[in-house]
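Summary of the model geometry
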Amino acid sequence: MKVRVHELAKKYDMGNKEFLNLLKDDIKITVSSHLSGLAEEDVKKIDKYFENINNNKEEMIVKPEKTTSNGKGDSLNKKVVETETDDIFEEEGLGNGKKSQQIKIGKDKKNWKGAKPASGEKTTDDEKSKKNKKKKGRRTDFVMKTVDNAGSETIEEDGVKIIKVRGEITLGDFASRLGVGSAEIIKKLFLKGQMLTINSPISIEMAEEIAMDYDALVEKEEEVELEFGEKFALELEDKDEDLVERPPVITIMGHVDHGKTSLLDAIRASNVVSGEDGGITQKIGAYQVVKSGKKITFVDTPGHEAFTDMRARGAQVTDIAILVVAADDGVMPQTIEALSHAKAANVPIIVAVNKIDKPEANPQKVKQELMEHGLVSIEWGGDTEFVEVSAKKQLNLDTLLDTILITAEILELKANPKKRAKGVVLESKLDPKVGPIADILVQEGTLKIGDVIVAGEVYGKVRALINDRGERVEKVELSQPAEIIGFNQVPQAGDTMYVIQNEQHAKRIVEEVAKERKLSETSKKTISLESLSEQFDHENLKELNLVLRADSRGSVEALRESLMKLSTNEVAVNIIQAASGAITESDVKLAEVSNAIIIGFHVRPTTKAIKEADVNGVEIRTSNIIYHITEDIEKALTGMLEPEFKEIYLGRIEIKKVFKVSKVGNIAGCVVVDGKVKNDSNIRILRDGIVMYEGKLSSLKRYKDDAKEVVAGQECGLGVENFNDIKEGDIVEAFEIQEIKRTLK
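Residues numbered from 1 in each chain as written. Predicted model: local features only at pLDDT ≥ 70, side-chain atom pairs only at ≥ 80, totals over all residues. Heavy atoms only, no water.

As named in an unreviewed UniProt entry, the protein is Translation initiation factor IF-2, taken from Fusobacterium ulcerans 12-1B. Per UniProt, the comment on the protein under Sequence similarities (unreviewed entry) is "Belongs to the TRAFAC class translation factor GTPase superfamily. Classic translation factor GTPase family. IF-2 subfamily." (UniProt positions renumbered as here; feature names shortened; annotations may be inferred.)

This is the structure in structure tokens:
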């Protein structure tokens, strides 16, 4: 029987990641993950490697440690090191010019730079100023970061000036950032026939052209929307030394009646803390269990709908998803839905095959069915761990918890417990006696009673903290769930909660968030096939996301195949989920998160789904004829294709005479030598066959009257937009740009 990599890592008291690196670099054994099995000859090779290391260690001569006495006749072993420490003391201002004899190394070692001065020592000026600041009650000012539309950054790299432009910029602003006089640039453009003023806006192309004359570069910057924490400077950077290992957060998902709740209860019942009188007092929808001295947090969500709700609001709570599948039923529609949601969240999946105590249980069938959906068991060469359990008989629960801890170790989950707390609101409600109550999960820092908190459009002060066992606590630590009492209103589930310096700061943040939400609600666009073409132009998307529903599994496959055939090398159909049954509220939420369209074939949405789609602006298209669906999708994909343009030649005009008119500029007297020219035509001016200017006509006249068009042989007068350098003998060529309709075929 093959031995797993993580079992050997445990045997040699090493971390999984460290052990994998050792296998690859030193022992030259290649494995895909910590869950891979090792052949017998590989195990012998590893044993021999560690045996050689132990032999080498025994051969090394170890100096005896110096022995000191504690004054009571007992000898104490203490490691001592003789060293010159002048530099250390001099650096700290404690040096006396003598060499220190010994520095004790042990638990009571002092970190000189971080140590607090003893009662007899003097404090530094910096420390005094810090104390004074605290006494005066100074607080950090309210900070709100915004994206500067002017785009004011100018940098220099390798001797080249780089001007970063965001949005529109005027000629004057650009000249000052370029470090030249605006009059100089106006003159240059005038000589090229373009009349602009200091306040005229210039395009990015024109800015690049001007910058080339001064050996500078222009970069266009896209405007980025700041996240809540970044906007109000609430995200604080962590130092590596402050990061500690945190418990993993687990969400259990799966089909209804497959034993999700039973499994949660069984895990908790087997880990009940002695002091709960043997009962299960589940106060909130999340709790912690302890396995091998390590904590694991389980979030008890009412199915994958709540899981998606949080993703829709941008909260990534879960580290690992447990997919529960009944061994007697196998993969069901909601199993596939839950799997789609877990994949969309990009979290590791562990499959718990439940109800293995039943006579009709068939775990192999479950593995086979899930393999069709991309989850391949480790035994079959994949990378998904399957654990066979029974919630009813409490079988293999320890194995499941061990698998969770191994997966968490590979993920290297760390956070800083010292900073101001940050968490996510799992659930919220209004209690008629207590007021607003929120169930939260702390993701960073430590939350304490008295902390000022803000979450979305609500704020408050922590008045009480209740843990998952219903006990009142003074603080809540990393990955720990708790119930908070103290918000001024009920916060939304999925909102991020931050601890703020003071209440004034919190009020300002709440006001700004409320303003922004109102603005976003008024400008929120709905998703429809008709608007997709414009949307893709702006966002440069090349995939059309779809959620498919049909009356049977066969119909689902048929519809999937028909739609996948429409994909080309430029645009593609991306089917996020395809399942049989009615269109549900869960489908709408998944479509909202993924920016997708819901397609129904021979099925209709439920009442809740219709309401949810209406609220969130998700389009549902249903039809009983398959080719109607494919036609609609084909039209949408066609709209996503990059447009093609063709230039159509119209005619030519030769300039015979140039007249200078005050306050207007140069006007040309011309004759049409070929074709026809319209007053709205695109034109280019040719001088000796070289293009001098491309743009539009500002005027076209026949004698003194405006003309819509002139044809070959006619005389006319014309003016050119933003170009004054016209000369006798120049040729004005007229053309139009025609967009060619593209098709997928």
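1. Notes on the packing of aromatic side chains
What the rule picks out here adds up to five aromatic pairs. Both rings, one in Tyr-49 and one in Phe-50, keep their centres 5.5 Å apart while their planes meet at 90°; by these two values the pair is edge-to-face. Look at Phe-50 and you get buried, because its relative accessible area is 12%. Between Tyr-287 and Phe-298 the ring centres are 5.9 Å apart and the planes differ by 35°, which places this aromatic pair in the tilted class. Of the two residues, Tyr-287 is situated in strand β14 (residues 286–291) and Phe-298 in strand β15 (residues 294–299); the sequence distance between them amounts to 11 residues. An identical accessibility class is assigned to Tyr-287 and Phe-298; each is buried. Clustering of aromatic rings is evident, with ring pairs tying together Tyr-12, Phe-19, Tyr-49 and Phe-50. Residue placement shows Arg-268 over the ring face of Tyr-287; its charged tip is 5.1 Å from the ring centre. If you follow Arg-684 out to its NZ or CZ, it ends over the ring of Phe-735, 4.1 Å from the centre. (Phe/Tyr/Trp six-rings, centres within 6.5 Å; stacked < 30°, edge-to-face > 60°. Buried < 20%, exposed > 50% of the residue type's maximum accessible area, 1.4 Å probe, protein only. Helix = DSSP H or I, 4+ residues; strand = E, 2+ residues; numbered from the N terminus. Lys NZ or Arg CZ within 6 Å of the ring centre and 35° of its normal.)

2. A few points about the packing of helix α2 (residues 16–27) against helix α14 (residues 397–411)
Orientation of α2 relative to α14, taken along the N-to-C sense of each, is 70°, at an axis distance of 8 Å. It follows from the interaxial angle that α2 and α14 lie roughly perpendicular. Each of Asn-16, Lys-17 and Leu-20 in α2 lies in contact with α14, whose residues at this interface are Ile-406, Glu-409 and Ile-410. Here the contact of α2 with α14 is built from residues that sort into three nonpolar, one polar and two charged. (Axes fitted to C-alpha atoms, helices over the stretch in contact; angles between N-to-C directions. Parallel < 35°, antiparallel > 145°, perpendicular 65-115°, else oblique. Contact = heavy atoms within 4.5 Å. Nonpolar A, V, L, I, M, F, W, Y, C, P; charged D, E, K, R; others polar.)

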